[in-house]
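Results of the structural survey
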Amino acid sequence: MPSQNQIRESITSTIIEALKSGNLPPWRQPWTNDPNCGAPCNIVSRRRYRGINPLLLRVACTRHQFQSKWWATYQQWKEMGGFVKRRPENVPQGTWGTTIIFFAPITKTVIDRHGNEVEETFPILRTYHVFNLDQVEGPFDHLRPGNAVLSSGELEQRCEHADQVIAATEADVRYGGNQPYYDPRGDYIQMPFRHQFSGFDFYETMFHEVSHWAEHPSRLGRDANEGDKYAFGELVAEISGCYLTSEMGLPASETLDNHLAYLDNWLKAMENDPKFIFSAASRANRVADFILSFSQTEAEESEPAIVE
């Protein structure tokens, strides 16, 4: 069984390879979602995956040209009346399923500083394999990409939803000038006017800056072990912003002009520390969930919407 560090190193290598491939980073999606595409979800629970797992599943989609957002284990597909297709000859053995992780709670008895026996719970990293709907035969045609047509009206509704999510935060957004940024001292977001953006770039940029806004000490703040590394903060905002556009069903830009300056730093950090991408992905999930929480109803908040 691989050690905790070996699991992290293997997964980090997968992300590094994807970033070096010249393709878009695995958190970016430059097209509008078909209702059966987008943020990876489990077919049984209908909950989206969390932490590092969305990045790993996006890497697999790029590698195998999968389009569906639906994933499940071999056994889950079988119980739903489907079966996983045989591995194609051009796919190396052991790579047809996609490895994702979860943290399993482990309890052990320890002796505290007073000499008493106490139970202590801590997480252990575990892996399991999932398969995309595109790899599965069965009664799932209604869930396949292309079988649900997106109308212009639905797209307008998605933009309205994104506007509502932004407005619900009550962040201080000021328009004007020619450069988007978040000012932590004044605690406000500066944005160019909407007409200055092309396509859906307005929402991607806005969600990026709102992600920085969420990290203000009066809101989420930063974890002590994160320090104040600028590149780390930019990676968190980059991933969180893309998660939010994907949640709204909107595309992220294909251009990375604003982020290429950080790419080398991100790669070096990942190569030096296998925990770096795990920390960034986990933090981005927390930031995105915090931003979405302002516009969620009590029923939505009580419904567990995430799987690891």
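Structure report, in brief. (Residues numbered from 1 in each chain as written. Predicted model: local features only at pLDDT ≥ 70, side-chain atom pairs only at ≥ 80, totals over all residues. Heavy atoms only, no water.)

Let us now look at helix α8 (residues 276–293). When the terminal C-alpha atoms of α8 are compared, their 26 Å separation across 18 residues agrees well with the 26 Å that a helix rising 1.5 Å per residue should span. Burial of α8 is extensive: 14 of the 18 residues sit out of reach of the surface. (Helix = DSSP H or I, 4+ residues; strand = E, 2+ residues; numbered from the N terminus. Expected span 1.5 Å × (residues − 1). Buried < 20%, exposed > 50% of the residue type's maximum accessible area, 1.4 Å probe, protein only.)

Moving on: the packing of aromatic side chains. Under the criterion given, the structure shown has 13 aromatic pairs. Where Phe66 meets Trp96, the ring centres are 6.3 Å apart and the plane angle is 65°; that geometry is what we call edge-to-face. With Phe66 in the loop between α2 (53–64) and β3 (70–72) and Trp96 in the loop between β4 (83–84) and β5 (98–111), this pair connects stretches of sequence that are 30 residues apart. When its relative accessible area of 10% is taken as the criterion, Phe66 is described as buried. On the accessibility criterion, Trp96 (12% relative accessible area) is buried. Here a set of aromatic residues connected by ring pairs shows up, and it is made of Phe66, Trp71 and Trp96. Stacked on the ring of Tyr188, the Lys or Arg Arg174 has its end atom at 3.9 Å from the ring centre. (Phe/Tyr/Trp six-rings, centres within 6.5 Å; stacked < 30°, edge-to-face > 60°. Lys NZ or Arg CZ within 6 Å of the ring centre and 35° of its normal.)

As a further point, take the environment of His64. Locating His64 in the fold gives a position in helix α2. When residues no more than four places from it in sequence are discounted, the contact partners of His64 are Val91, Thr95 and Trp96. (Contact = heavy atoms within 4.5 Å.)

In terms of nonpolar packing, the biggest core is built from 51 residues, with Met270 and Ile277 touching the most fellow members. Counting residues per element, the ones that place at least two in this core are α1 (4–20), α2, α4 (152–168), β10 (188–191), α5 (201–214), α6 (230–248), α7 (260–272) and α8. Contact partners of Ile277, with chain neighbours within four places excluded, come to Thr12, Ile15, Ile52, Leu55, Leu235, Ile239 and Met270. Counting residues in each nonpolar core, the second largest holds 21 residues, with Phe66, Trp70, Val84 and Val136 among its members. (Core = buried A, V, L, I, M, F, W, Y, C linked by side-chain atoms within 4.5 Å.)

Functional significance is not addressed by these values, which are geometric in nature.
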